[in-house]
Amino acid sequence: VTESFPPGRVVVGASGAPYTVVVGPGIVGGLPEELARTLPGRRVALISDSHVAPLHAERIADSCRAADIDVALLTFEAGEASKTRKTWSILTDQMLEAGLGRDSCVVAVGGGVTTDLAGFVAATYMRGVPTVLVPTSYLAMVDASVGGKTGVDVRAGKNLVGAFHAPELVLADTELLATLPHSERGQGLVEAYKHGAILDEEHFQRLKEGRSELLSADPVVAARAILESVALKAAVVARDEFEGGYRQILNFGHTLGHTIEAASEYEVGHGAAVALGMLGEAVLGERLGVTSPGTSETLEAALRPLIGTSGLSIDVDRALRYLSVDKKARSGDARFVLLERVGHVSPGDGWTHAVPRSLVEEVLSEVMG
Ligand SMILES: NC(=O)c1ccc[n+]([C@@H]2O[C@H](COP(=O)([O-])OP(=O)(O)OC[C@H]3O[C@@H](n4cnc5c(N)ncnc54)[C@H](O)[C@@H]3O)[C@@H](O)[C@H]2O)c1
Ligand SMILES: [Zn+2]
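Computed from a predicted model, the values in this text were never measured in an experiment.

Trainee: Even after reading the chapter, I still don't get the coordination of the zinc ion (ligand 2), so can you show me in this structure?
Mentor: In a perfect tetrahedron of four donors around a metal, the angles come out at 109.5 degrees. In a perfect octahedron of six, they are 90 or 180 degrees. Listed as protein donors to the zinc ion (ligand 2) are Glu-191 (OE), His-254 (NE2) and His-270 (NE2); their distances from the metal cover 2.0 to 2.1 Å. Judged by its relative accessible area of 22%, His-270 falls in the partly exposed class.

Laid out in structure tokens, this is it:
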């Protein structure tokens with residue numbers, strides 16, 4: 001994190017080449033110049049979804065054209081349901097029809113669905129072309145655009161077909177958050193709280209103190225929070241780029257979170273499910289004597305106001321069936337990332353702990369009750 005702020009910069013170490021995440025209000029104005037500087041072919045596939053294209057991507061495409069860059073604006077229907085091989089094939093066909101060659105570049109303008117999908121298009125098009133990410137949701141800014149994972153969902157599960165493909169550059173322009181629907185704001189910020197919960201208590205506290213400015217998408221307060229959160233995730237990714245071990249700590253809240261999401265048939269959004277998952281996993285840790293008492297209350301006080309959890313309900317038996325297929329389950333017991341306290345993750349056994357099913361069942365009922 002640099003001194004002059006805003007904008008701020010975080011360099012993410014990637015084995016191919018390190019890349020920079022720039023965060024600040026209005027920085028997407030610098031995109032045409034960046035593309036002209038780094039792109040010999042001056043040809044771009046700008047990929048966006050049906051919500052973000054009219055709000056932002058069309059204007060960004062025009063600004064690139066004004067700088068003599070040839071832009072094919074390709075859009076798809078907004079929503080997770082579009083993150084599929086089918087949309088991937090439509091987009092890659094459109095790029096072929098537009099005559100885009102190996103010297104072209106993919107620019108993704110949108111939320112995590114767009115950055116994952118466009119990133120996978122870039123990873124595979126002509127065996128890989130560069131990507132520039134312009135994330136437009138909190139979730140995409142603090143999480144999806146950092147770490148190089150790209151991919152699509154298939155019938156067997158989310159994100160099961162994909163590739164590691166680090167971007168050349170990430171421009172997180174916090175003015176673009178102004179149009180983000182309110183329900184998406186709180187849910188996306190949950191992942192930033194997660195970074196604080198596992199790694200940095202001060203980040204966690206500052207998010208809590210800045211909650212109303214963050215929910216109203218104040219571009220300067222948002223930039224500071226996003227920059228801190230990206231730096232935390234970047235440090236984890238740098239230590240374990242291809243997910244051998246340490247990177248699992250980013251799954252805090254996600255083992256229970258995924259079971260809640262799946263058992264609700266995705267009625268409960270990802271952010272809300274992860275928030276409940278973080279609470280539940282803190283309770284698990286407390287019961288096992290790994291997590292210091294009171295941690296779950298601290299998480300609850302911070303997270304409940306972010307997500308509308310009234311009226312959320314799931315069938316606990318059904319959720320437990322999803323738990324058994326969790327990829328981290330090595331035996332009958334599920335494995336969980338647990339905290340020591342807010343800001344500190346427990347090293348456990350390879351960063352996870354085995355938790356008896358009966359305890360998971362008890363805690364799931366309590367959290368959802
Ligand atoms: N690659 C990774 O490491 C990683 C990490 C976390 C999540 N993800 C993925 O991210 C996806 C979720 O991301 P998301 O929550 O951003 O979903 P999303 O891309 O579907 O965006 C959520 C909604 O907000 C809209 N939107 C986004 N930005 C907007 C803006 N500025 N103004 C108006 N509307 C806007 C979108 O059109 C969509 O309707 C999931 O598919 C998840 O798997 C990937
Ligand atoms: Zn998540």
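Additional details are given in the paragraphs that follow.
Trainee: What is the right way to look at the site of ligand 1 in this model?
Mentor: Near ligand 1 lie 25 residues; those nearest to it are Asp-49, Glu-80, Thr-136, Ser-137 and Thr-179. Within the side chain of Ser-137, an N or O atom sits 2.6 Å from an oxygen atom of ligand 1. A distance of 3.4 Å separates a nitrogen atom of ligand 1 from a polar backbone atom of Ala-144. Surface burial for ligand 1 is 88%, taken as the share of its 850 Å² of free accessible area covered by protein chains. Secondary-structure elements contributing two or more residues to the shell around ligand 1 are helix H2 (52-66), helix H4 (112-124) and helix H5 (138-144). Here the shell around ligand 1 is composed, by residue class, of 9 nonpolar, 8 polar and 8 charged.

Trainee: It is not clear to me how the sheet that holds strand S2 (residues 19-24) should be interpreted in this structure. Could you clarify?
Mentor: Where strands meet in a sheet, backbone hydrogen bonds hold them as pairs that are either parallel or antiparallel. In spatial order, the strands read S1-S2-S9-S6-S5-S3-S4; together these 7 strands make up an open sheet with mixed pairing. One side of each edge strand has no neighbouring strand; the edge strands of this open sheet are strand S1 (8-12) and strand S4 (70-76). Within this sheet the neighbouring strands show an average axis-to-axis angle of 15°, counted without direction. Bridging between strand S3 (residues 43-49) and S4 involves 7 bridges; their strand directions are parallel. Looking across to S4, one finds that Ala-45 is bridged to Ala-72. Helix H3 (residues 85-97) rests against S3, S4 and strand S5 (105-110) of the sheet, and its axis sits at about 160° to S4. Contacts from helix H9 (residues 219-239) reach S1 and S2 within the one sheet, and its direction differs from that of S1 by about 10°.

Trainee: Explain helix H7 (residues 201-209) here, please?
Mentor: Two residues of an α-helix separated by three or four positions point the same way, owing to the 3.6 residues in each turn. For H7, every residue scored as buried is listed here: His-203, Phe-204 and Leu-207. All buried residues of H7 fall inside an arc of 100° around its axis, so they share one side. Exposed side of H7, more than 90 degrees from the buried face: Glu-202 and Glu-209 are the residues found there. Lining the buried residues of H7 we find helix H6 (182-199), helix H8 (211-215), H9 and helix H12 (295-303). One side-chain oxygen at the N-terminal end of H7 lies 3.0 Å from the backbone nitrogen of Glu-202; it belongs to Asp-200.

Trainee: How should I be thinking about the pairing of S3 in this particular structure?
Mentor: For a regular strand, side-chain orientation follows a simple rule: the groups alternate between the two sheet faces. When you tally the buried positions in S3, you get 6 out of 7 residues, the bulk of the element. With respect to chirality, the unit in which S3 leads through H2 into the neighbouring parallel S4 is right-handed. Of the pairings in the sheet, the one linking S3 to S5 comprises 5 bridges and is parallel in character. Looking at S5, one finds that Ile-47 is bridged to Ala-108.

Trainee: Is there a simple way to think about the packing of H7 against H9 in this case?
Mentor: To describe two helices that pack against each other, one gives the angle between their axes and the distance between the axes. The interhelical angle for the contact between H7 and H9, taken along N-to-C directions, is 155°, at an axis separation of 11 Å. One element, H7, and the other, H9, form an angle in the roughly antiparallel class. With respect to the hand of their crossing, H7 and H9 are arranged in left-handed fashion. The residues of H9 that touch H7, namely those facing His-203, Arg-206 and Leu-207, are Ala-225, Glu-228, Ser-229 and Leu-232. In terms of residue class, the contact of H7 with H9 is built from 3 nonpolar, 2 polar and 2 charged.

Trainee: Is there a simple way to explain the pairing of S2 in this structure?
Mentor: By the criterion of burial, S2 is predominantly enclosed, with 5 of the 6 residues buried. Sheet analysis places S1 next to S2, joined by 5 bridges and oriented antiparallel. For Gly-8, the partnering residue across the bridge sits in S2 and is Val-23. In sequence, S1 turns back onto S2 through a hairpin of 6 residues.

Trainee: Quick question: what am I supposed to make of the pattern of salt bridges here?
Mentor: For the structure shown, the criterion picks out 17 salt bridges. Notably, a salt bridge pairs Arg-43 with Asp-70, separated by 2.9 Å at the nearest N-O pair. Here Asp-70 lies in strand S4 and Arg-43 lies in strand S3, a separation of 27 residues in the sequence. Residue Asp-70 is classed as partly exposed on the basis of its relative accessible area, which comes to 38%. Notably, a salt bridge pairs Glu-80 with Lys-158, separated by 4.0 Å at the nearest N-O pair. Pair noted here: Glu-80 is in the loop between S4 and H3 and Lys-158 is in strand S8 (residues 157-164), with a separation of 78 residues, a long-range link.

Reading the values: rules and limits
- Residues numbered from 1 in each chain as written.
- Chains lettered and ligands numbered in written order.
- Predicted model: local features only at pLDDT ≥ 70, side-chain atom pairs only at ≥ 80, totals over all residues.
- Heavy atoms only, no water.
- Donors = N, O, S within 2.8 Å, 3.2 Å for Na, K, Ca; no water.
- Buried < 20%, exposed > 50% of the residue type's maximum accessible area, 1.4 Å probe, protein only.
- Near = heavy atom within 4 Å.
- Polar contact = N/O pair within 3.5 Å; in protein donor to acceptor, adjacent residues only side chain to side chain.
- Areas by Shrake-Rupley, 256 points an atom, 1.4 Å probe, with all protein chains shown as cover.
- Helix = DSSP H or I, 4+ residues; strand = E, 2+ residues; numbered from the N terminus.
- Nonpolar A, V, L, I, M, F, W, Y, C, P; charged D, E, K, R; others polar.
- Pairing = 2+ DSSP bridges.
- Axes fitted to C-alpha atoms, helices over the stretch in contact; angles between N-to-C directions.
- Contact = heavy atoms within 4.5 Å.
- Arc of directions from axis to C-beta.
- Right-handed = clockwise from strand over helix to strand, strands pointing away.
- Parallel < 35°, antiparallel > 145°, perpendicular 65-115°, else oblique.
- Left-handed = near helix turned anticlockwise from the far one by under 90°.
- Salt bridge = Lys/Arg side-chain N within 4 Å of Asp/Glu carboxyl O.

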